[in-house]
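Below, each chain spelled out in residue letters.
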Amino acid sequence: QGIEEALHSMHPGGRRRIVLPPNLGYTGDKGPMPPAARDRDQLFDNVEARLPIVFDLELLSVMDDLLDRGEYDNLDADDAKNFFIS
């Protein structure tokens, strides 16, 4: 959820470092996956230990999504507060 929210508010060419708190979760089938086996092991160890994960994002381009289901809502004030405090 945290990566999706960060990408949703970015513009092409933008860069952003996000710290994904454990309460937003990480799913390997949807999230970015490190190419090196050692880095993947470290990622999964951190997820299992419920530690925050840091991602450096760069949005290269944007395409229109004809099947966009509108699942990317902007955080309201309470969600944003929980996002950064959790």
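Before any of the text, the structure's been laid out above.
Residues numbered from 1 in each chain as written. Predicted model: local features only at pLDDT ≥ 70, side-chain atom pairs only at ≥ 80, totals over all residues. Heavy atoms only, no water.

Caption draft 1: Up close: the environment of Pro 22. Its location among the elements puts Pro 22 in the loop between β1 (15–20) and α2 (37–48). A relative accessible area of 23% places Pro 22 in the partly exposed class. In this structure the C-alpha to C-alpha distance between Pro 22 and Gly 2, which are 20 residues apart in sequence, comes to 9.9 Å. Here Pro 22 is in contact with Arg 50, Leu 51 and Pro 52, once residues within four sequence places are set aside. (Helix = DSSP H or I, 4+ residues; strand = E, 2+ residues; numbered from the N terminus. Buried < 20%, exposed > 50% of the residue type's maximum accessible area, 1.4 Å probe, protein only. Contact = heavy atoms within 4.5 Å.)

Caption draft 2: Just α2, in detail. When the terminal C-alpha atoms of α2 are compared, their 16 Å separation across twelve residues agrees well with the 16 Å that a helix rising 1.5 Å per residue should span. At the C-terminal side of α2, Arg 50 shows a positive phi close to 60°. (Expected span 1.5 Å × (residues − 1).)

Caption draft 3: Representation of the pairing of strand β2 (residues 53–58) in the model. Only one face of β2 is covered, namely the face carrying Ile 53, Phe 55 and Leu 57; the face carrying Val 54, Asp 56 and Glu 58 is uncovered. In the sheet, β1 pairs with β2 via six bridges, with the strands oriented antiparallel. When the bridges of β2 are listed, Ile 18 appears paired with Phe 55. (Pairing = 2+ DSSP bridges.)

Caption draft 4: A look at the nonpolar core. Of all hydrophobic cores here, the largest spans eleven residues; its members are Ile 3, Ala 6, Met 10, Ile 18, Leu 20, Leu 24, Leu 43, Ile 53, Phe 55, Leu 57 and Leu 59. Looking at this core, the elements that each hand over two or more residues are α1 (2–8), β1 and β2. Beyond its immediate stretch of four places on either side in the chain, Met 10 contacts Arg 15, Arg 16, Leu 57, Glu 58 and Leu 59. (Core = buried A, V, L, I, M, F, W, Y, C linked by side-chain atoms within 4.5 Å.)

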